[in-house]
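Residues per chain, in single letters:
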Amino acid sequence: MKKKITALVLVAAMMAALAGCGGTAAPADASFAADASSVEEASSAEEASEALADGVLTAGTNAAFPPFEYVGDDGKPEGFDIALIRAIGEKLGVEVEVRDMEFDSLVTSIGSKIDVAIAGMTVTEERKAMVTFSDPYYDAVQYVILPAGSSIASIEDLKGKNIGCQLGTTGNYLIEDSIEGAAAQTYNKAIDAVNDLINGKLEAVIIDQNPAEVFVKNHPDEIRLIPGADFGFEAEQYAIAMPKDDAALAEAVNAALAELRSDGSYDALVEQYINSSEN
Ligand code: GLN
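Attention in this report is confined to the structure presented alongside it. Just so you know, these numbers come straight off a predicted model, no measurement behind them. (Residues numbered from 1 in each chain as written. Predicted model: local features only at pLDDT ≥ 70, side-chain atom pairs only at ≥ 80, totals over all residues. Heavy atoms only, no water.)

1. Here we look at the packing of aromatic side chains
Part 1 of the reasoning: Across all of its chains, the model carries 11 aromatic pairs by this definition.
Part 2 of the reasoning: Here Phe65 and Phe68 contribute two aromatic rings whose centre-to-centre distance is 6.0 Å and whose plane-to-plane angle is 35°, an arrangement assigned as tilted. Across the pair, exposure class does not vary: Phe65 and Phe68 are buried alike.
Part 3 of the reasoning: Grouped by ring-pair contacts, the aromatic residues Phe65, Phe68, Phe80, Tyr137, Tyr138, Tyr238 and Tyr266 constitute a single cluster.
Part 4 of the reasoning: A cation over an aromatic ring shows up here: Arg261 above the ring of Tyr266, its NZ or CZ 4.3 Å from the ring centre. (Phe/Tyr/Trp six-rings, centres within 6.5 Å; stacked < 30°, edge-to-face > 60°. Buried < 20%, exposed > 50% of the residue type's maximum accessible area, 1.4 Å probe, protein only. Lys NZ or Arg CZ within 6 Å of the ring centre and 35° of its normal.)

2. Description of the packing of helix α3 (residues 80-92) against helix α10 (residues 247-262)
Part 1 of the reasoning: It is the contact of α3 with α10, at a shortest axis distance of 9 Å, that shows an interaxial angle of 105°. Judged by the angle between their axes, α3 and α10 are roughly perpendicular. Each of Leu84, Ala87, Ile88, Lys91 and Leu92 in α3 lies in contact with α10, whose residues at this interface are Ala252, Val253, Ala256, Leu257, Glu259 and Leu260.
Part 2 of the reasoning: For the contact of α3 with α10, the residue count by class is nine nonpolar, no polar and two charged. (Axes fitted to C-alpha atoms, helices over the stretch in contact; angles between N-to-C directions. Helix = DSSP H or I, 4+ residues; strand = E, 2+ residues; numbered from the N terminus. Parallel < 35°, antiparallel > 145°, perpendicular 65-115°, else oblique. Contact = heavy atoms within 4.5 Å. Nonpolar A, V, L, I, M, F, W, Y, C, P; charged D, E, K, R; others polar.)

3. Some remarks on the nonpolar core
Part 1 of the reasoning: In this structure, Phe80, Leu84, Ile88 and Tyr137 are the most contacted members of the largest nonpolar core, which totals 66 residues.
Part 2 of the reasoning: In this structure, Phe80 is in contact with Pro67, Phe68, Tyr137, Tyr266, Leu269, Val270, Tyr273 and Ile274, ignoring residues within four places of it in sequence.
Part 3 of the reasoning: Counting residues in hydrophobic clusters, the runner-up holds 13 residues, among them Phe103, Ile110, Ala117 and Ala241. (Core = buried A, V, L, I, M, F, W, Y, C linked by side-chain atoms within 4.5 Å.)

In C-alpha cells form, the structure reads like this:
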C-alpha cells in the first residue's frame, strides 16, 4: 500500500484482465473494450488506485467473528471474508496481506494502517461518511442470545436489561438507540460477552446471526437464540470498506466481486465456510 509507483501500468493491466474475462464485471459498452488504448484512457492519473499501486492490498479484519473470520489452526485469520478478499486480490493481480485488529479501530485505520477492511462490516450511514463501501456481499441481521432458561421473548422484555455486545458494532448501537433503559456492556471479542452470559453476568447478548449460531452451537445446553426479526431488528448488509478517495479501487473491487458471483466462486465460498457444519 501507499507507494506511488507504476500505478497506471498496474491498474491498466488489471482493468484489461477484468474486461478480458467477460463476466458481468465489464459492461457491454464499447468504451470498456479491453484494447490497450481505451484501458489507458480509463486509467488516467486521478483514476489510478493508490491502494493497489504497490501490488499489495492490506486488508484489516477482526478474527473473532466466525464463520466470517476466526483464528485458524496455524494462528492466522481465516474464514469466509478472508477467502473472499484473497479471491478478489487474485482477480486484481495483487497480493493480499491480512491484519488482525480490533473491530472498533478498523474504519479509522483505512488509508493509513490498512487499505481496506473486510470484517462482516454492516453498511451504515455513519460509516459511509468515513469510507466508501463496495457493493454488498452478504445479508445479515442481529440475533439475541439468551440463557437457556430465560423468559425474554420481546423487545419489551429487553428494556432496562444488561445486554452484552461487541464494541462499535451495529449490535452495540442497536442496544443504545433502540432498547429503552438497556445498558450495553461492550467487549472487544463477542465470545467474551457470550461467556459472561453463560456465567450469569448478562441477561442477553446481541450479535449478528451467523456468529450467534456458531456460539450457540458450541454451548447448546446453556444458551439459545431468538431471530432479530422477532424483535423488529432491521436487515443489514455486509460490504468491504475502502478509502473515500480511491474510486479506482472501489471500481476494481466491485468488478472482481461481480466476477466471483458470476463464475460460481462466491457460491462455493458460501458453501465451504457458511453452509458447512464444521465452523
Ligand atoms: N455487522 C456488525 C457491524 O458491522 C458486526 C461486525 C463484527 O463484529 N465483525 O457492526
